[in-house]
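Residues per chain are reported as follows:
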Number of protein chains: 2
Amino acid sequence: MSSKRCAVCKYFRRRCPPDCIFSPYFPPNNPQRFTCVHRIYGASNIGKMLEELNVEDRVIAIETLCYEASCRIQDPVYGCVGLIPWLEHELNITQTQLAKTRAKISFVHANYVARGEPFIQQSGV
Amino acid sequence: MSSKRCAVCKYFRRRCPPDCIFSPYFPPNNPQRFTCVHRIYGASNIGKMLEELNVEDRVIAIETLCYEASCRIQDPVYGCVGLIPWLEHELNITQTQLAKTRAKISFVHANYVARGEPFIQQSGV
């Protein structure tokens, strides 16, 4: 039985019951995965969060919790939240450039129309 | 003293010491802020995370922890991580549109050059 204990039960040096809530998500061959989320949330909080979820949602929830925990360990100040304003900023810059570039095309188009010339559309763009 | 207890000490019905690690970040007038992070991380883990940080980094760390906790309560499966792939997807779409629109401008520009006409640059775009 001992060799089949999940990473959580192995960490706490306890028997891993057949209905262990952690075992599907924390295999024994990846103990680091659990120590990471345990350090940030604590096993008890993770257990509570799992219990509140439908079984089919638990895999994704554990994935996102592991991701948030590893980000928080790498960056204890911003965690994964640091990525969100950075992406929003990049998106804003790109949207502004796109709007300006489209305005430039409209300007060129209007020039063509004013001269009575056809505006050649490049296919696929 | 009782009325000046921070939200954390108030929650645990204990005296709030002058050097309380939580009091600068959890004022008594916003108890919800603490209950939210406490539900996800637990007060003990938050205290440990604060102790590991420089004092000047703690305000931002608590802000990001509160944000992550509120996202996790709103969306127990994805938490704030759900926003990251969505923003990355939006950024990819916008970058692709920008590249196509720029290619269109290059095509129009090349047309002007081929005809020996000057390409009129619209100011500011």
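Nothing here was measured: the structure is a model prediction, and the numbers come from that model.

### Concerning the relation of the copies chain A and chain B
- Under the fitted operation, chain A is carried onto chain B by 0.2 Å of movement along the axis and a turn of 180°, and the coordinates agree to an RMSD of 0.2 Å. Expressed as an axis order, the relation between the two copies is that of a two-fold axis.
- Interface overlap between copies is the fraction of interface residues in one copy that are interface residues in the other; for chain A against chain B it reaches 100%, indicating a shared surface.

### With respect to the packing of helix α2 (residues 31-40) of chain B against helix α4 (residues 55-74) of chain B
Residues and elements named next belong to chain B.
- Packing of α2 against α4 leaves a shortest axis separation of 9 Å and a crossing angle of 70°. One finds that α2 runs roughly perpendicular with respect to α4. Residues R33, C36, V37, R39 and I40 of α2 pack against I62, E63, L65, C66, A69, S70, R72 and I73 of α4.

### Notes on the interface of chain A and chain B
- Of the residues lining the interface, 50 residues belong to chain A; the matching set on chain B comes to 50 residues.
- Carbon and sulfur atoms make up 66% of the surface buried where chain A meets chain B, a total of about 4800 Å² over both sides.
- Its largest share of buried area at the contact with chain B, chain A owes to A:V77, A:L87 and A:K104, together 12% of the area lost on that side.
- Across the chain A-chain B interface, the total number found is four salt bridges.
- Here chain A and chain B share eight residue pairs in polar contact (both at pLDDT 80 or more) between them.
- Only α2 (31-40), α3 (43-51), α4 (55-74) and α5 (83-115) of chain A provide two or more residues apiece to the side of chain A that touches chain B.
- Considering every element that reaches the side of chain A that touches chain B, the biggest residue donor is α5(A), with 21 residues.
- Classifying every residue of the side of chain A that touches chain B gives 26 nonpolar, 12 polar and 12 charged.

Thresholds applied
- Residues numbered from 1 in each chain as written.
- Chains lettered and ligands numbered in written order.
- Predicted model: local features only at pLDDT ≥ 70, side-chain atom pairs only at ≥ 80, totals over all residues.
- Heavy atoms only, no water.
- Least-squares fit on C-alpha atoms with pLDDT ≥ 70 in both.
- Contact = heavy atoms within 4.5 Å.
- Axes fitted to C-alpha atoms, helices over the stretch in contact; angles between N-to-C directions.
- Helix = DSSP H or I, 4+ residues; strand = E, 2+ residues; numbered from the N terminus.
- Parallel < 35°, antiparallel > 145°, perpendicular 65-115°, else oblique.
- Buried area = accessible area lost by both parts, 1.4 Å probe.
- Salt bridge = Lys/Arg side-chain N within 4 Å of Asp/Glu carboxyl O.
- Polar contact = N/O pair within 3.5 Å; in protein donor to acceptor, adjacent residues only side chain to side chain.
- Nonpolar A, V, L, I, M, F, W, Y, C, P; charged D, E, K, R; others polar.

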